[in-house]
Amino acid sequence: MSLHQELDKLRGKALTDLKQIKDQDSLMALRIKYLGRKGELASIMALLKQVAKEERPQLGKLVNQVKRELEIAFLRVSKTIGDRKSQGIDFTLPGIKPPIGHLHPLMRVQRELEDLFRSMGFMVLDGPELESEYYNFESLNIPIWHPARDMQDTFYIKGGKPDNRWLLRTHTSAMQVRALEKYGAPLRAVVPGRVFRYEATDASHDHTFWQLEGLVVDKDISIANLIGTMKVFLSGIFQREVEVRLRPGYFPFVEPGFELDMKCLVCNGLGCRSCKQSGWIELIGCGLVHPRVLEFGGLNPKEYSGFAFGLGLSRLVMMRYKIDDIRLLLSGDLRFLEQF
Ligand code: FA5
């Protein structure tokens, strides 16, 4: 058989073998067999030396042509089986949706509130969760004998000074004097964040929950400013007017102080376990900043006044999504979280 015929035979055999190939491993083996360094084509090329000099250029050209043709054929087969194998896809089947995470409902509402308050000219501040007794209580006019300071009410951390221990902050109000110290007046700020209490938990009380503090200090601030701000942000977050009631409430760091309740949206005011059958849910503590707090913040209460509020953000989320147990929020239960 002439070299020419041998080449032709090899070409035909390789192309026929290629048709049987279904996976990359056998393709690789076939490639080595025909195109490898010690493969069949290489042996034919080695024979070129024995051919008469004048025939060599023509035969060499032919060998290269066959080589190129086979390389292209191998590449084509590799691409088709590669697609199918590496992705494991049958394009006729419906696709598999990859799981994509999303924001926790608490964080979603927190960010909406931040945007809302920013649009009203408020700064958004962050504060430490591990706080000193001074900022959490003392600077808020909560004296040492106040029951809120009780070991049973609060999580104290070992260490710290005997007269200024460390604790997990019980409210975002701990940021009031910190903000006044840093930014002075006039001031418009909100502080969203996690707070902690030694609490017997129930459907509307958790030991770890979120609040959003608001603090406005300027000249001639009145209760009208406080109520106006509450109305704007509540209708902003619920996208409609919501029914609220304001009643007197005692907080040592405001004077006068109020509690704002909202008609329970879980039961539409009919009474359920979330609102303890009352039809109303306690949502916000608020009032005009106590002169002592302004003083602690380095301001003259004769010159400045202000209002402050502490929104129960976790409860707002309950109302917004009609969640009937606050403990679900931090339960980590995906069956719950995937509903949002
Ligand atoms: C305070 O925490 C005050 N710092 C609020 C304040 C700020 C008053 C500024 C005046 C001026 P209170 O303990 O009532 O107050 O909590 C405020 C809100 O947090 C409540 O209205 C309620 O919505 C929410 N809250 C309180 N305790 C819990 C709890 N255990 N679980 C979930 N939410 C709670």
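Just so it is clear, the structure is predicted and the values come from calculations on it, not from any experiment. (Residues numbered from 1 in each chain as written. Predicted model: local features only at pLDDT ≥ 70, side-chain atom pairs only at ≥ 80, totals over all residues. Heavy atoms only, no water.)

## Regarding the environment of Leu265
Residue placement: Leu265 occurs in the loop between β8 (254–263) and β9 (280–289). Along the backbone, Leu265 and Arg320 are 55 residues apart, and their C-alpha atoms lie at a distance of 7.5 Å. (Helix = DSSP H or I, 4+ residues; strand = E, 2+ residues; numbered from the N terminus.)

## Quick word on the site of the ligand
The immediate surroundings of the ligand are formed by 25 residues, with His171, Ser173, Arg197, Glu199 and Asp206 found nearest. One nitrogen or oxygen atom from the side chain of Ser173 is found 2.7 Å from a nitrogen atom belonging to the ligand. Note that an oxygen atom of the ligand is positioned 2.8 Å from one of the side-chain N or O atoms of Arg197. Here the ligand has 670 Å² of accessible area as a free molecule, and 94% of this is covered by the chains. Elements represented by at least two residues in the shell around the ligand include exactly β6 (208–218), β9 and β10 (305–312). (Near = heavy atom within 4 Å. Polar contact = N/O pair within 3.5 Å; in protein donor to acceptor, adjacent residues only side chain to side chain. Areas by Shrake-Rupley, 256 points an atom, 1.4 Å probe, with all protein chains shown as cover.)

## Remarks on the pattern of salt bridges
Counting across every chain of the model gives 22 salt bridges. Linking Glu133 and Arg165 is a salt bridge whose minimum nitrogen-to-oxygen distance equals 3.0 Å. With Glu133 in helix α6 (residues 133–136) and Arg165 in strand β4 (residues 164–168), this pair connects stretches of sequence that are 32 residues apart. A salt bridge links Arg292 to Glu295; the nearest nitrogen and oxygen atoms lie 3.9 Å apart. In this pair, Arg292 and Glu295 are both assigned in helix α9 (residues 291–296), 3 residues apart and thus about one turn of the helix distant. One continuous salt-bridge network, built from bridges that share partners, spans Glu133, Glu138, Arg149 and Arg165. (Salt bridge = Lys/Arg side-chain N within 4 Å of Asp/Glu carboxyl O.)

## Things to note about the environment of Gln339
Following the sequence through the fold, Gln339 ends up in the segment after α11 (334–337). Taking the relative accessible area as the measure of exposure, Gln339 reaches 62% and is therefore exposed. Expressed as a C-alpha distance, the spacing of Gln339 and Pro105, which sit 234 residues apart in the sequence, is 9.7 Å. A distance of 3.1 Å separates the side chain of Gln339 from the backbone oxygen of Arg335, its partner in a polar contact. (Buried < 20%, exposed > 50% of the residue type's maximum accessible area, 1.4 Å probe, protein only.)

## Details of the nonpolar core
A general tendency of soluble globular proteins is for nonpolar side chains to be buried together. Of all hydrophobic cores here, the largest spans 44 residues; its most connected members are Leu113, Phe233, Phe238, Ile284, Phe309, Leu311 and Leu316. Looking at this core, the elements that each hand over two or more residues are α5 (105–119), β6, α8 (223–238), β8, β9, β10, α10 (313–321) and α11. Per element, the largest residue contribution to this core is 6 residues, and it comes from α8. Ignoring sequence-local partners within four residues, the contact set of Leu316 consists of Val109, Leu113, Leu234, Ile237, Phe238, Leu283 and Leu311. In terms of nonpolar packing, the next biggest core, distinct from the first, is built from 24 residues, Leu140, Val191, Val254 and Ala308 among them. (Core = buried A, V, L, I, M, F, W, Y, C linked by side-chain atoms within 4.5 Å. Contact = heavy atoms within 4.5 Å.)

## Concerning the sheet that holds strand β3 (residues 156–161)
The strand order β2-β4-β3 describes an open sheet built from 3 strands, whose pairing is antiparallel. Of all strands in the sheet, those with a lone pairing partner are β2 (130–132) and β3, marking the two edges. Each neighbouring strand pair of the sheet contributes to a mean axis angle of 25 degrees, computed without reference to strand direction. As paired strands, β2 and β4 are joined by 3 bridges and run antiparallel to one another. If you follow Leu130 over to β4, its bridge partner there is Leu168. (Pairing = 2+ DSSP bridges. Axes fitted to C-alpha atoms, helices over the stretch in contact; angles between N-to-C directions.)

## Quick look at the domain arrangement of the chain
Interfaces are often sized by the accessible area lost when the parts come together. Each assigned domain of the chain is listed with its residue range as follows: domain 1 (3–86) and domain 2 (105–337). Measuring from the centre of the C-alpha atoms in domain 1 to the corresponding centre in domain 2 gives 78 Å. (Domains from an automatic or database assignment.)

## Overview of the side chain of Glu213
Note that Glu213 resides in strand β6. Within the buried core, Glu213 has no salt-bridge partner, and the shortest N-O distance to an opposite charge, that of Arg197, equals 8.3 Å. Within the local environment of Glu213, its side chain forms a polar contact with the side chain of Ser173, the two groups lying 2.7 Å apart. A polar atom in the side chain of Glu213 sits 2.8 Å from the side chain of Gln176. Excluding residues within four positions of it along the chain, Glu213 makes contact with Thr172, Ser173, Gln176, Ala189, Val190, Val191, Phe309 and Gly310. (Lys, Arg positive; Asp, Glu negative; His and termini not counted.)

## Some words on the packing of helix α1 (residues 3–19) against helix α3 (residues 40–47)
Put simply, α1 and α3 touch, their axes get as near as 11 Å, and they point 170 degrees apart. With respect to α3, the axis of α1 lies roughly antiparallel. Between α1 and α3, the contacting residues are Leu3, Glu6, Leu7, Leu10 and Lys13 on the first element and Glu40, Leu41, Ile44 and Leu47 on the second. For the contact of α1 with α3, a count of residues per class yields 6 nonpolar, no polar and 3 charged. (Parallel < 35°, antiparallel > 145°, perpendicular 65-115°, else oblique. Nonpolar A, V, L, I, M, F, W, Y, C, P; charged D, E, K, R; others polar.)

## Section: unusual backbone geometry
With an omega of 0 degrees, the peptide bond running from Ala185 to Pro186 counts as cis. Locating Pro186 in the fold gives a position in the loop between α7 (175–183) and β5 (187–196). A cis amide bond links Glu255 to the next residue, Pro256, at an omega of 0 degrees. Unusually for a residue other than glycine, Gln277 sits at a positive phi of about 65 degrees.

## Structural notes on the packing of aromatic side chains
Under the criterion given, the structure shown has 11 aromatic pairs. Ring centres of Phe251 and Phe253 lie 5.9 Å apart, and the angle between their planes is 50 degrees; this geometry places the pair in the tilted category. The class of Phe253 is buried, set by a relative accessible area of 9%. What links up through ring pairs into an aromatic cluster is the set Phe117, Phe122, Phe233, Phe307 and Phe309. (Phe/Tyr/Trp six-rings, centres within 6.5 Å; stacked < 30°, edge-to-face > 60°.)

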